Amino acid sequence: ADPSGRLATPGKILVAYFSRTGNTRVVAGQIQRALGADLFEILPATSYPEDYAQTVEQARRERDNNVRPALKSGVPRIADYQTIYLGFPIWGETAPPVIRSFLASHDLAEKTLIPFITHGGYGVGSSMDVLSAHAPRARLTDAAFVMQGEQEKQTLERVSGWLGKIGAGKARAG
Ligand SMILES: Cc1cc2nc3c(=O)[nH]c(=O)nc-3n(C[C@H](O)[C@H](O)[C@H](O)COP(=O)(O)O)c2cc1C
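Residue indices follow the written sequence of each chain, beginning from 1 at its first position. Per-residue local features are limited, in this predicted model, to residues with pLDDT of at least 70; the limit for side-chain atom pairs, both in listing and counting, is 80 or more; totals at the level of whole chains, interfaces and linings are taken over all residues.

Caption draft 1: Representation of the site of the ligand in the model. If you check the shell around the ligand, you find 24 residues, and the closest are Asn23, Thr24, Pro89, Gly120 and Gly149. Listed by contribution, the elements that provide at least two residues to the shell around the ligand are α1 (23-35), α2 (52-64) and β4 (112-119). Throughout, the ten residues Ala, Val, Leu, Ile, Met, Phe, Trp, Tyr, Cys and Pro are labelled nonpolar, Asp, Glu, Lys and Arg are labelled charged, and all others, Gly among them, are labelled polar. Its residues placed into classes, the shell around the ligand shows six nonpolar, 13 polar and five charged. By definition, a residue lies near a molecule or strand when the C-beta atom built from its backbone is within 6 Å of it. Numbering goes from the N terminus for both helices and strands, where a helix is a DSSP run of H or I of at least four residues and a strand is a run of E of at least two.

Caption draft 2: Highlighting the nonpolar core. Throughout this description, the term nonpolar core refers to a group of buried Ala, Val, Leu, Ile, Met, Phe, Trp, Tyr and Cys residues whose C-beta atoms join them within 7 Å. Backbone-placed C-beta atoms define the burial measure: a residue is buried with 20 or more other C-beta atoms within 10 Å of its own, exposed with 12 or fewer, and partly exposed in between. Ranked by size, the top nonpolar core spans 29 residues in total, and within it Ala16, Tyr17, Ile42, Ile84, Phe88, Ile99 and Leu113 carry the most contacts. At the level of elements, β1 (12-17), α1, β3 (81-89), α3 (97-105) and β4 are the ones that each hand at least two residues to this core. Among the elements that take part in this core, β3 stands out by supplying five residues, more than any other.

Caption draft 3: Unusual backbone geometry, seen in detail. Unusually for a residue other than glycine, Asn66 sits at a positive phi of about 55 degrees. For Asn66, the position within the fold is in the loop between α2 and β3. Positive phi is not limited to glycine here, since Glu110 has a value of about 70 degrees. By secondary structure assignment, the location of Glu110 is in the loop between α3 and β4.

This is the structure in structure tokens:
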């Protein structure tokens with residue numbers, strides 16, 4: 001028994017996720033509702049730029065320098081959870097920097113870690129290795145959910161093309 005009098009609920013489930021454009025958020029919501037789990041959105045203390053290209057560049061720098069960006073908040077009472085579904089998009093062929101921050105700042109020893117991953121068509125890259133390296137004592141399942149989602153880049157290109165075609169690009173600028 002917990003000396004505080006509060007018992008950790010056995011088998012409590014957490015769905016923790018990071019999502020920029022919403023693809024991973026949809027999956028997180030469905031898992032959370034299906035399992036009656038708690039939901040936690042992983043957010044950096046300082047938001048990434050709205051601009052896609054700037055975000056790609058910042059993510060690349062953070063990846064290459066092994067930066068762990070500060071998180072806006074941590075999971076309250078992480079010890080209560082036995083199973084953690086961890087969701088993220090693939091950024092630069094790996095897990096986004098905030099996922100490394102998340103794993104480094106929570107003790108996941110002996111917890112079951114079940115990844116769900118969305119990518120833009122190039123697969124999961126080195127993300128599973130990142131998870132096992134940063135949460136070495138978690139029980140990482142190899143039955144991750146993996147799905148290709150829309151690419152923000154492709155949407156931006158399509159919209160730019162359309163704006164150009166209807167002659168709206170310049171007229172709207174400024
Ligand atoms: C900064 C950045 C880097 C990305 N790098 C990759 C990549 O290396 N490989 C890939 O398949 N998709 C890449 N994508 C596409 C996303 O993984 C894909 O669109 C994902 O479904 C987005 O999920 P979200 O809507 O939950 O943010 C990248 C997207 C962003 C914003």
